[in-house]
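If you want the building blocks of each chain, they are given just below.
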Amino acid sequence: MALFSRKLGLDIGTVNVLIYDRGEIVLQEPSLVALTTEEERIVEIGQPAREMLGKTDDEDIQVIRPLRDGVIADYEVTEAMLRHFFSKISGRVRLFRPTVMVAVPWGVTSVEKRAVHEAALAAGAREAWLIHEPLAAAIGAGLPVGTPAGDMVINIGGGITEAAVISLNKIVRAESGRLGGLRLDEAIVSYVRRKYNLGIGQPTAEAIKIQIGAAITPAEELTMELQGRDNVSGLPRTIHISTGEVVEAMAEALSMIAGVVRSVLAETPPELSSDIIDRGIVMTGGGALLRGLDRYLTRATGVPVYRADNALIATASGAGRALEEPAILRRVLQTSQTSI
């Protein structure tokens, strides 16, 4: 199929970049770039850079996240990263450039939007449009966003959590909190350091969260062997950590996520609130995969919460599908023209 007809959905997250094309995710890579410290020359991008995380000498090579809290922190590195990813899915010789729909957080400024738009064009896109992440996530999760009834989505990414009420292809109420999966990892790192005087890195904390982490203590508790560096002796040491401890470690950060959801519910018009109670709230994003988070948020809000089947890829797939939906595309184009 000719590349001039390619329409890509792009989710540039703090932790991962996902690209959707013709009904499937064609790329899913970490949003990480390894640079030489002195020359700032790019060494690795994506998964190879992730494998270097925490294992390099910062005086020689540093591994950075060019996006923080869902927005671009380093424009040039972001542009290079996107160009690399476009090349991976299209080949090095591209006769025609793709049209891309890029998902951006609800709470971004016009300057931050412009940076994303320009980075996508500079990386090789023929046209670039922007769609708010909660709307893209709702489309990707299969919610009937074009109807007058209200639907609510919670999108929990690596650096940002957003909750939004959507009706008639439009976000009616939304709230954005600059915390997500990375904040949960940091909470685990701090807990282990405080309780066990043991130093661990972010990749290890993420592994703990994935393997035994939960939002509420389960009936059957899990344990995990954990290696780190003793902060007193400086020597390697092994401990065991349980799910209950991870729940305790993440309690404050999860409470803040619940606060984002409650603030949106408090501002939602009564008729739409009634719809949300009937339909429930859908969770998307990588953070939605945390065990028991649906039950935790249900208790915190009093509204049924459930996880989308394709939670991790919902934003990217929704952005791609928006290019194929005339009503949504018209709304996005109107918004883009007035905000960029």
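Residues numbered from 1 in each chain as written. Predicted model: local features only at pLDDT ≥ 70, side-chain atom pairs only at ≥ 80, totals over all residues. Heavy atoms only, no water.

(A) Molecular detail of the overall build of the protein chain. Within the protein chain, the secondary structure is distributed over eleven helices and 18 strands. Relative to the globule expectation of 20 Å for 340 residues, the C-alpha radius of gyration of the protein chain, 20 Å, shows essentially globular dimensions. Viewed in the frame of its principal axes, the protein chain has a C-alpha envelope of about 60 × 55 × 35 Å. Each of the 340 residues in the protein chain was classed as buried or not, and the buried ones make up 54%. The long-range fraction of contacts in the protein chain, counting pairs at least 24 apart against all pairs at least 6 apart in sequence, stands at 64%. Accessible surface for the protein chain amounts to roughly 15,400 Å². Of this, 49% is attributable to carbon and sulfur atoms. Averaging the locations of the 35 positively and 42 negatively charged side chains of the protein chain gives two centres separated by 4 Å. (Helix = DSSP H or I, 4+ residues; strand = E, 2+ residues; numbered from the N terminus. Rg over C-alpha atoms; globule rule 2.2 N^0.38 Å. Buried < 20%, exposed > 50% of the residue type's maximum accessible area, 1.4 Å probe, protein only. Contact = heavy atoms within 4.5 Å. Areas by Shrake-Rupley, 256 points an atom, 1.4 Å probe, with all protein chains shown as cover. Lys, Arg positive; Asp, Glu negative; His and termini not counted. Charge placed at Lys NZ, Arg CZ, Asp CG, Glu CD.)

(B) Representation of unusual backbone geometry in the model. One non-glycine residue with positive phi stands out, namely Glu40, at about 55°. Structurally, Glu40 can be placed in the loop between β4 (33–36) and β5 (42–45). Although it is not a glycine, Asp69 adopts a positive phi angle of roughly 55°. Residue position: Asp69 is located in the loop between β7 (67–68) and β8 (71–72). Residue classification places Asp69 among the partly exposed residues on the basis of a relative accessible area of 31%.

(C) Seen up close, the side chain of Asp185. As for its placement among the helices and strands, Asp185 is situated in helix α5 (residues 181–196). With near-sequence residues (within four places) excluded, Asp185 lies in contact with Gln202, Ala205, Glu206 and Lys209.

(D) Structural view of the pattern of salt bridges. In the structure shown here, the tally under the stated rule is twelve salt bridges. With its nearest N and O atoms 3.5 Å apart, the salt bridge here joins Glu39 to Arg41. Arg41 sits in the partly exposed class, given a relative accessible area of 47%. Residue Glu245 pairs with Lys195 through a salt bridge whose shortest N-O separation is 2.8 Å. Of this pair, Glu245 sits in helix α7 (residues 243–267) while Lys195 sits in helix α5, and the two are 50 residues apart along the sequence. One network of salt bridges, in which partners are shared, links Arg6, Asp21 and Arg22. (Salt bridge = Lys/Arg side-chain N within 4 Å of Asp/Glu carboxyl O.)

(E) Seen up close, the sheet that holds strand β6 (residues 61–64). Spatially, three strands are ordered β5-β4-β6 in an open sheet, and the strand pairing comes out antiparallel. If you trace the sheet from one side to the other, it starts and ends with β5 and β6, each paired once. For this sheet, the mean inter-axis angle between neighbouring strands, taken without regard to orientation, is 20°. For β4 and β6, the ladder comprises four bridges, and the chain directions are antiparallel. Of the residues in β6, the one forming a bridge with Leu35 is Gln62. (Pairing = 2+ DSSP bridges. Axes fitted to C-alpha atoms, helices over the stretch in contact; angles between N-to-C directions.)

(F) Layout of the packing of helix α2 (residues 75–90) against helix α3 (residues 110–122). The N-to-C vectors of α2 and α3 enclose an angle of 45°; their axes lie 8 Å apart at closest approach. One finds that α2 runs oblique with respect to α3. Crossing of α2 over α3 shows right-handed handedness. Contacts from Tyr75, Glu79, Leu82, Arg83 and Phe86 of α2 reach α3 at Ala115, Glu118, Ala119, Ala120 and Ala122. Of the residues assigned to the contact of α2 with α3, the class counts are seven nonpolar, no polar and three charged. (Parallel < 35°, antiparallel > 145°, perpendicular 65-115°, else oblique. Left-handed = near helix turned anticlockwise from the far one by under 90°. Nonpolar A, V, L, I, M, F, W, Y, C, P; charged D, E, K, R; others polar.)

(G) Looking closely at the sheet that holds strand β10 (residues 127–132). The strand order across the open sheet formed by five strands is β3-β2-β1-β9-β10, and the pairing between neighbours is mixed. At either margin of the open sheet sits one strand with a lone partner, and together these are β3 (24–30) and β10. Within this sheet the neighbouring strands show an average axis-to-axis angle of 20°, counted without direction. The pairing of strand β1 (residues 7–12) with strand β9 (residues 99–104) spans five bridges and is parallel. Directly across from Leu10, in β9, lies its bridge partner Val102. Running over the sheet, α3 touches β1, β9 and β10 and is turned about 145° from β10. Together, β1, β9 and β10 form the strand contacts of helix α4 (residues 133–140), whose direction differs from that of β10 by roughly 85°.

(H) Structural view of the packing of α5 against α7. In the contact formed by α5 and α7, the axes pass within 9 Å of each other and the chain directions differ by 135°. If you check the angle between α5 and α7, you find them oblique. Viewed along their axes, α5 and α7 form a crossing whose handedness is right-handed. When α5 is examined against α7, the residues Arg183, Leu184, Ala187, Ile188, Tyr191, Lys195 and Tyr196 are found in contact with a partner set consisting of Glu245, Val246, Glu248, Ala249, Met250, Ala253, Leu254 and Met256. When its residues are assigned to classes, the contact of α5 with α7 shows eleven nonpolar, no polar and four charged.

(I) Here's a closer look at the side chain of Ser167. Summarising the element assignment, Ser167 is placed in strand β12 (residues 161–167). Separated by 2.8 Å, the side chain of Ser167 and the backbone oxygen of Pro148 make a polar contact. Excluding its chain neighbours within four sequence positions, the residues that come into contact with Ser167 are Val145, Thr147, Pro148, Ala149, Val172 and Leu272. (Polar contact = N/O pair within 3.5 Å; in protein donor to acceptor, adjacent residues only side chain to side chain.)

These figures capture arrangement, not role.
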